[in-house]
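Residue-level structural notes
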Amino acid sequence: MTDTRANQGTRAAVLAGLGGFVPPRVVTNHDLAGRMDTSDEWIRTRTGIRQRHYATPGSATSDLAVEAGRRALRSAPDVEVDTVVVATITPDQQLPHTAPGVAERLGLSGVAALDVSAACSGFVYGLATCAGLIAAGTSRAVLFVGADTFSTTLNPEDRTSAVIFGDGAGAVVLRAGSPDEPGALGAFDLGSDGGRWELATIRGGGSRQRLAVAPLDPADTYFAMDGKAMFRQAALRMADSARAVAKHAGWTLDEIDRVVAHQANLHIVQQVAYELGLPVERCLTNIDRVGNTVAASIPLAMVDAVRDGGLRPGHRVLVLAFGGGLTWGGTTVHWPRLQLAPEPPTLTAPPNPGGTA
Ligand code: UT7
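In short, a report on the structure. Everything quoted here is computed from the prediction, not taken from an experiment. (Residues numbered from 1 in each chain as written. Predicted model: local features only at pLDDT ≥ 70, side-chain atom pairs only at ≥ 80, totals over all residues. Heavy atoms only, no water.)

This part covers the packing of aromatic side chains. In the structure shown here, the tally under the stated rule is four aromatic pairs. Measuring from centroid to centroid gives 4.6 Å for F150 and F165, while their planes differ by 45°, and the two rings are tilted. Placement of the pair is F150 in the loop between strand 6 (141-148) and helix 6 (159-162) and F165 in the loop between helix 6 and strand 7 (168-177), with a sequence separation of 15 residues. As far as the burial class goes, F150 and F165 line up, both buried. A ring pair is formed by F165 and F223, whose centres lie 5.2 Å apart and whose planes are at 80°; its orientation type is edge-to-face. With F165 in the loop between helix 6 and strand 7 and F223 in the loop between strand 9 (200-201) and strand 10 (224-225), this pair connects stretches of sequence that are 58 residues apart. Look at F165 and you get buried, because its relative accessible area is 2%. We classify F223 as buried; its relative accessible area is 8%. Here a set of aromatic residues connected by ring pairs shows up, and it is made of F150, F165 and F223. (Phe/Tyr/Trp six-rings, centres within 6.5 Å; stacked < 30°, edge-to-face > 60°. Helix = DSSP H or I, 4+ residues; strand = E, 2+ residues; numbered from the N terminus. Buried < 20%, exposed > 50% of the residue type's maximum accessible area, 1.4 Å probe, protein only.)

Below, the structure is given as C-alpha cells:
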C-alpha cells in the first residue's frame, strides 16, 4: 500500500532511466526476398527499412522486456521502482499477463504489475497510464516497458505487412517529481476511432474467435492491415496530437527540437514533419535498422538517438504514436540528462526456461 500523502506536490512523472533491447537475429530485406515475392529495393523505397530483428523461436515478449527493463533500471540506479507496466499486444500468453513475470525476473516481486494494450500507440498510452499512477500517488516510481514480438503474428503470404515489422523492447524509468524539472512529462493528447477497427487486426485468438475452436479462416490468426488507409490516418492523427500537446506546453511548432514518432514507415514520419512545417532532420528515426517494433519503437528510437547525440539535454521533444484500434496520442518532454547503462557483453536475452510466471 502506498502512502499517497508522501507524494503531495511532487506528482509529475519524470523520465529518469532508459534502455532498449533487440534480439540478435538480424533479418535483412534480402533475407525476406529469398522467402517471398519482394525485393530490397521495394522495401527500402516504400518504407525506409533495411533490416529488422526477430526473436528466436521459443523466446517471447517477456524475454525482450526483461532485458530492456534491466538496462533501464541500470540507467536509473538510485530510483526504487514500486510498479511495473508493460505495453504489448503480443503477450507471452493470454493468462497471466506479461508484467508480473517481468517484475519477478527483475527482482521486483511484490510490486504492482499491469499490462497496457494499445497496439502501436502502446508506448504513449502506457506513459499516460504511468503518469496517472504517479499523479494519483498510487506509484512513486514505475518501470515501463514497451515490448512486442510481432514477428510471431506475421502472415508469410501477406508480403505487404510481413516486411514491415520487427521485434524489440524499450523501457523507461519514471519517478515522481516536479512538473518544472527536466524530464517531466507534459500533458497527454489521447484519441481513438473504433469505427476504423478493421484497418489493422488479428481476428483470431480472442473471445469472439477462440483458437481452441478452429478459426473460421486460418488467415484470422495472422496480422492483417489496410496499409494505405493506415498511412493516411497515421500522419493526420499524429500531426493533430502534436499540435495539441505543443500548444499545451506553450511551444510554437518551430520551437520543437525533436520529434520521436512511432516508427511505422519513414514516409509517415516525413509526412508528419511536413504537416507540422518542421525540417525533417528534427524527426528521429531508426526504422532502417529495426523496422516497426510496435510498442517498442519510440523508446528504441530514443535509445539510438541518445547514443548518437541526436537527443540532448534541454531539447524540446514531442512524442507521438499511432496504431490499430485506431488509437493515437502524444506528449511533450524537455529532454533530461540520462546516463545509458553500458551494453552487456552479449545481446542475447536468455529465454525464461519456466515460462513467464
Ligand atoms: O504501425 C501501425 C501503423 N502502421 C501503418 O501506419 C502502416 C502504414 N502503411 C504503410 O506503411 C504502407 O501502406 C505499406 C508499406 C504497408 C505499403 O506500401 P504502399 O505503398 O501503400 O503499397 P500498396 O499496398 O499500395 O502496394 C503497391 C504495390 C502493389 O502492386 P500493384 O498492385 O501496384 O501491382 C502491391 O502488390 O506494391 C505491391 N507490393 C509489394 N511489392 C513488393 C506490396 N507489398 C510489396 C512487397 N514487395 N513487400
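That covers the picture; the talk isn't over yet.
Turning to the pattern of salt bridges, a few remarks are in order. Enumeration over the complete set of coordinates arrives at 13 salt bridges. For the salt bridge of D40 with R44, the shortest nitrogen-to-oxygen distance reads 2.9 Å. Here D40 and its partner R44 are both found in helix 2 (residues 40-47), four residues apart, which amounts to about one turn of the helix. Salt-bridge contacts for D240 lead to R243; the nearest nitrogen and oxygen are separated by 3.0 Å. Taken as a pair, D240 and R243 lie in helix 7 (residues 227-249) at a separation of three residues, close to a single helical turn. On the accessibility criterion, D240 (39% relative accessible area) is partly exposed. Take R243: its relative accessible area is 33%, and that puts it in the partly exposed class. (Salt bridge = Lys/Arg side-chain N within 4 Å of Asp/Glu carboxyl O.)

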